[in-house]
Amino acid sequence: MKLLVVCLGNICRSPMGEGALRARIGEAGLDSWVQVDSAGTSGHWHAGRSPDPRAVACARGHGVDISGQRARQLLAADFEEYDLILCADGDNLRDAQALAPAGLAARAVLWLPWAGINGSDVIPDPYYGDMKDFEHSWALIDAAAQVTVRRLSRREDSGIIPA
Ligand code: 4NP
């Protein structure tokens, strides 16, 4: 099972998503069969960069080290490689699906609604905000990560792949 978390720049939300998922996957003992990566729909500003220092600090405050991640751009080939592409917001979903090879667009979903998180459809972009915004995004991301891993660990994964 391969999961890919996607946002715009791959320096704030999706690195936190990758980190939260990896931590929850580790706690659940699923490392051997679930793999996680993250990518951004817009690679040209940020490819190769470390996560935003505020994202690193936020994750560290929750016991998760994301400092070793490096940004990369989402590729059409990711739709072949990953079972589920978890998008942070509607723009990310639209831009991701525009890259999808024929028949694979449904592998990309809006992460929060897919996970059944109430109250918000999108993970707000904290890039122009402050640490409070990063904490708010982290709370949504980690809630989604917990549901995602719970579904995987209950082996409800027969229906987990949308297409
Ligand atoms: P992300 O946040 O998509 O969560 O990584 C952003 C990072 C950079 C920019 C926008 C959003 N930017 O405009 O540079």
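Residues numbered from 1 in each chain as written. Predicted model: local features only at pLDDT ≥ 70, side-chain atom pairs only at ≥ 80, totals over all residues. Heavy atoms only, no water.

## Quick word on the pattern of salt bridges
Per the counting criterion, the structure on display carries 11 salt bridges. Ionic pairing is found between Asp 37 and Arg 72, a salt bridge with its closest N-O pair at 3.1 Å. Highlighted residues: Asp 37 in strand E2 (residues 35-40) and Arg 72 in the loop between helix H2 (53-61) and helix H3 (78-81), separated in sequence by 35 residues. Judged by its relative accessible area of 21%, Asp 37 is partly exposed. For Arg 72, a relative accessible area of 22% gives the class partly exposed. Between Asp 95 and Arg 94 there is a salt bridge whose closest N-O contact spans 3.1 Å. In this structure Asp 95 comes out as partly exposed when scored by relative accessible area, which is 29%. (Salt bridge = Lys/Arg side-chain N within 4 Å of Asp/Glu carboxyl O. Helix = DSSP H or I, 4+ residues; strand = E, 2+ residues; numbered from the N terminus. Buried < 20%, exposed > 50% of the residue type's maximum accessible area, 1.4 Å probe, protein only.)

## Side note on the side chain of Ser 120
For Ser 120, the position within the fold is in the loop between helix H5 (111-115) and helix H6 (131-153). One polar contact links the side chain of Ser 120 to the main-chain carbonyl oxygen of Val 122, over a distance of 2.6 Å. Aside from chain neighbours lying at most four places away, what touches Ser 120 is Leu 112 and Leu 140. (Polar contact = N/O pair within 3.5 Å; in protein donor to acceptor, adjacent residues only side chain to side chain. Contact = heavy atoms within 4.5 Å.)

## Digging into the UniProt feature "active site" (unreviewed entry) in the protein
The UniProt feature table records "active site" (unreviewed entry) at Cys 7, Arg 13 and Asp 125. Spatial clustering of the annotated residues is evident: they stretch over 119 residues in sequence, but the largest pairwise C-alpha distance comes to 8.7 Å. Topologically, Cys 7 is positioned in strand E1 (residues 2-7). Every residue in contact with Cys 7, bar those within four places of it in the chain, is listed here: Arg 13, Ser 14, Ala 39, Gly 40, Thr 41, Ala 88 and Asn 92. Its place among the elements puts Arg 13 in helix H1 (residues 13-27). (UniProt positions renumbered as here; feature names shortened; annotations may be inferred.)

## Structural notes on the packing of H2 against H6
Axes are the key here: two packed helices are described by the angle between their axes and the distance separating the axes. Packing of H2 against H6 brings their axes to within 10 Å, and their N-to-C directions diverge by 55°. Viewed along their axes, H2 and H6 adopt a mutual orientation that is oblique. Classified by chirality, the crossing of H6 by H2 is right-handed. In this structure, H2 contributes Arg 54, Ala 55, Ala 57, Cys 58 and Ala 59 to the contact, and H6 contributes Met 131, Phe 134, Glu 135 and Trp 138. For the contact of H2 with H6, the residue count by class is 7 nonpolar, no polar and 2 charged. (Axes fitted to C-alpha atoms, helices over the stretch in contact; angles between N-to-C directions. Parallel < 35°, antiparallel > 145°, perpendicular 65-115°, else oblique. Left-handed = near helix turned anticlockwise from the far one by under 90°. Nonpolar A, V, L, I, M, F, W, Y, C, P; charged D, E, K, R; others polar.)

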